[in-house]
Amino acid sequence: MHRLPGALERDAADIAALADHVAHPATTAYRALREPLWSTLHALGFDGGHILVQGDGARTLLALPDRPDIPIDFITAHLAPLQHIQAGQPQPPAIDGGPSDYDAVIASLPWADVQMRVPSRRARHTARQALMTIAATRLARPGGLVAVLAGHDLMDSPDPTPRHAVRAHAAFLGAVRLPAGALRPQAGTDNVVDLMLFTPTHDTGLGPSLRFAHSIPIPLDGHTVHINQYYDNNPDQILGNIDAEANVWDQHALTVTGNPTHLTADVSQALTTLATNALQHALVPTSDPDTPSETGEPGQSNGWGAWAITHARRYLPDLLRIDQRSNSTSFDPPHSNDGPTNRRLDL
């Protein structure tokens, strides 16, 4: 009879996966995600302004000059259409921002593609991602846009409490589920990752939103896995086939088998569908029809599709200082009573 791994073996597996995450940057994958993501943010109404990009791959997602990405990063910047720069329009600097100050926030959450084997660590990891998602939505202004890359447990966990907490601060616009190994193919860093989009509503929570609070059990090959009801209603937003992955650790885990080599095209199609549905359901304000169309990513040079980063620097807002407070069950981002403790570091 095969023996299930003990606590020490689970801990060793987690440490190995975390080390592989650091040792193998997902730069290629983030480059593949970058253009579809920025095009979608524009389609949903982003036309320049103050942005915050946090987490793994922040430099790549922002198209900053090539330097090694680091797993935990925080970059504030100001983006403007290149046409504005060429016309000599003055551009404001990047801000030392706090709640409701950013027009767009992109949060690539820490260790999103790492499969945690220690149950208590996995639960804390999911709670931390919920807190950081709430913090990201609070940093964006009402009506702004937030994109979050998170491990699938945040959407799939049978306990809807974290998702209800997120919904209290933001309307859910939709999501795309990436195939396992899309960011890094190494065992342990091939967790299924979701790209979720929100628009902040903050304390009202009254804006129109797609449903994503509940997950449902589904049978697969004699096993049961949980999947968010949004994906059950929108299976085309999953970039591959759902499967129950056999492992030696515990119950069969959900996985998605797909072809990461087609990531840019597949993500682009899924995000186009997401944006179309969000606009049709009036989840975000419609853009001015007289405004020229701008698509593409920062640094492109195709007329109105070109964006310029006028300022960029490392900056950590206080709301993102989750640390050990991720054990909280209230899912309220921490507040400091000691005055500003934000950190800024020039790039």
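The structure presented is a predicted model; accordingly, all values stated were derived computationally and were not measured.

Here is what the cut-offs are and how they apply
- Throughout this document, residue positions are counted from 1 along each chain, in the order its sequence is written.
- Per-residue local features are limited, in this predicted model, to residues with pLDDT of at least 70; the limit for side-chain atom pairs, both in listing and counting, is 80 or more; totals at the level of whole chains, interfaces and linings are taken over all residues.
- Each side-chain value is worked out from all heavy atoms of the structure, with water and hydrogens disregarded.
- A side-chain nitrogen of Lys or Arg and a carboxyl oxygen of Asp or Glu constitute a salt bridge if their distance falls within 4 Å.
- The secondary structure listing takes helices from DSSP runs of H or I that are at least 4 residues long and strands from runs of E that are at least 2 residues long, numbered from the N terminus.
- Remark: exposure states derive from per-residue accessible area (1.4 Å probe, protein chains only) relative to the maximum for the residue type, with buried under 20%, exposed over 50%, and partly exposed in between.
- Note on geometry: axes are lines fitted to C-alpha atoms, helical ones only across the stretch in contact, with angles between N-to-C directions running from 0 to 180 degrees.
- Angles are sorted into four bins: roughly parallel if under 35 degrees, roughly antiparallel if over 145, roughly perpendicular if 65 to 115, and oblique for all others.
- Should the near helix be turned anticlockwise from the far one by less than a right angle, the crossing is termed left-handed; should it be turned clockwise, right-handed.
- It only takes one pair of heavy atoms within 4.5 Å for two residues to be counted as in contact.
- Gly counts as polar in this scheme, as do all residues outside two lists: the nonpolar Ala, Val, Leu, Ile, Met, Phe, Trp, Tyr, Cys and Pro, and the charged Asp, Glu, Lys and Arg.
- Each residue carries a pLDDT value, the predictor's own confidence for that position, ranging from 0 to 100.

Draft legend 1. Quick look at the pattern of salt bridges. Going through the model one piece at a time under the given rule, you end up with eleven salt bridges. In this structure, aspartate 73 and arginine 314 form a salt bridge, with 2.7 Å as the shortest nitrogen-oxygen distance. You can see aspartate 73 sitting in the loop between helix H3 (58-61) and strand E2 (74-81) and its partner arginine 314 sitting in strand E11 (residues 307-316), a full 241 residues away along the chain. The class for aspartate 73 is buried, based on a relative accessible area of 3%. Using a relative accessible area of 23% as the deciding quantity, one classes arginine 314 as partly exposed. Its salt-bridge partner being aspartate 113, residue arginine 184 comes within 2.8 Å of it at the nearest N-O pair. Residue arginine 184 is found in the loop between strand E5 (170-177) and strand E6 (193-200), and its partner aspartate 113 is found in the loop between strand E3 (102-108) and helix H5 (119-139); the two are separated by 71 residues along the sequence. Accessibility expressed as a relative area gives 2% for arginine 184, which makes it buried. Accessibility expressed as a relative area gives 2% for aspartate 113, which makes it buried. What emerges from the salt-bridge pattern is a single network uniting Asp11, Asp14 and Arg121.

Draft legend 2. Just unusual backbone geometry, in detail. Phi at alanine 63 is positive, roughly 60 degrees, even though this residue is not glycine. As for its position among the elements, alanine 63 is in the loop between H3 and E2. Phi is positive for alanine 282, close to 55 degrees, though the residue is something other than glycine. Counting through the fold element by element, alanine 282 comes out in the loop between helix H9 (263-280) and E11.

Draft legend 3. Inspection of the packing of helix H2 (residues 27-43) against H9 at higher detail. Direction vectors running N to C along H2 and H9 enclose 20 degrees, while the axes themselves pass 9 Å from each other. Here H2 lies roughly parallel to H9, going by the angle between them. Judged by the twist between their axes, the crossing of H2 over H9 is right-handed. Each of Ala29, Ala32, Leu33, Pro36, Leu37, Thr40 and Ala43 in H2 lies in contact with H9, whose residues at this interface are Leu263, Thr264, Val267, Ser268, Leu271, Ala275 and Leu279. Split by residue class, the contact of H2 with H9 holds eleven nonpolar, three polar and no charged.

Draft legend 4. Quick peek at the confidence of the model for the protein chain. Mean pLDDT over the protein chain works out to 83, with 82% of the residues at or above the 70 mark. Low pLDDT, under 50, characterises residues 324-329; the stretch is placed with seven contacts to residues that sit more than four places away or in other chains. Note on residues 333-347: pLDDT under 50 across the span, and 37 contacts to partners over four residues away in sequence or across chains.

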